[in-house]
Amino acid sequence: MKIFCGDFYLSLEVKEKSEILEQVYSAKEIFELITQKHNTKECYTLHFSSLSSLGNFYQELSRFFCIVPAAGGIVITPSLKVLLIYRRGKWDLPKGKIDNDESAATAAQREVQEETGIQGIRLVSFLYKTYHIYEQKAQWFLKPTAWYIFYCSQEDQSFTPQQAEEIEEVKWFELQELNLSQLDTYATIREILMLLRHKYL
């Protein structure tokens, strides 16, 4: 799993014990590393001997953050176009907080419809979960986001960008022709689009 903070990210990986020399870092040390490096484009990798040890470390690290569970949607068409939104100077995917009374998949569909005004979408499958850290008013937040793929056969419909969320434009992009290295977006969104390409192209 990768935990992103701007262009910086921390990769947590499971390796066989025979392949690595483990060096133990406390969750507090890693939290301090993230807060020091969050404005850089560096990346760090931590190796764990098992999924359970990785999971335990993640739980310890989570205690240093305010957790904001979220869900997002990737809408595709039969011709493999993907729907992106333009917000705060970046191309992005629709996403938002999960309400207490809804599932992640329901939240993803609601956010897609609210932020774009799109109609006639159908849930296809879960794709991936991303982890994003950010600072707001001297408080550090960790946002685990569950991403779902939705299908839409109506490419020619008009959109209604949600102005309350500062969305300026909603637009279809050809997945195959999308230049991910040049696209002005976030590292997490770039990773999601790369996974989508691997799945469909």
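In the block above lies the structure referred to throughout.
Criteria and cut-off values
- Residues numbered from 1 in each chain as written.
- Predicted model: local features only at pLDDT ≥ 70, side-chain atom pairs only at ≥ 80, totals over all residues.
- Heavy atoms only, no water.
- Helix = DSSP H or I, 4+ residues; strand = E, 2+ residues; numbered from the N terminus.
- Rg over C-alpha atoms; globule rule 2.2 N^0.38 Å.
- Buried < 20%, exposed > 50% of the residue type's maximum accessible area, 1.4 Å probe, protein only.
- Core = buried A, V, L, I, M, F, W, Y, C linked by side-chain atoms within 4.5 Å.
- Contact = heavy atoms within 4.5 Å.
- 1 Å grid on protein atoms, 1.4 Å probe; cavity = no way out; pocket = protein on both sides within 12 Å on 5 of 7 lines; lining within 4 Å.
- Points joined across faces, edges and corners; volume = space filled by probe spheres on them.
- Nonpolar A, V, L, I, M, F, W, Y, C, P; charged D, E, K, R; others polar.
- Expected span 1.5 Å × (residues − 1).

1. Re the overall build of the protein
In terms of helices and strands, the protein carries four helices and 11 strands. Relative to the globule expectation of 17 Å for 201 residues, the C-alpha radius of gyration of the protein, 18 Å, shows essentially globular dimensions. Its C-alpha atoms put the protein at 55 × 40 × 35 Å along the principal axes. Here the protein holds 201 residues, and the buried ones make up 43% of them.

2. Overview of the nonpolar core
In this structure, Ile3, Leu10, Leu12, Ile30, Phe57, Leu61 and Ile133 are the most contacted members of the largest nonpolar core, which totals 21 residues. If near-sequence neighbours (up to four positions away) are discounted, isoleucine 30 is found in contact with Leu10, Tyr25, Leu46, Phe57 and Leu61.

3. Brief notes about the layout of surface pockets
Estimates place the volume of the largest pocket at around 900 Å³. Those elements that provide at least two residues to the lining of the largest pocket are β1 (2–5), β7 (90–92), β8 (95–97), α3 (104–116), β9 (121–136), β10 (139–152) and α4 (187–200). Considered class by class, the residues forming the lining of the largest pocket number 11 nonpolar, 11 polar and 13 charged.

4. Description of α4
If you check α4, its first and last C-alpha atoms are 20 Å apart, about what 14 residues at 1.5 Å a residue would give, namely 20 Å. For α4, every residue scored as buried is listed here: Ala187, Thr188, Ile189, Glu191, Ile192, Leu193 and Leu196. Each element contacted by the buried residues of α4 is listed here: β1, β5 (70–76), β6 (81–87), β7, β9 and β10.

What is shown is where atoms sit, not what they do.
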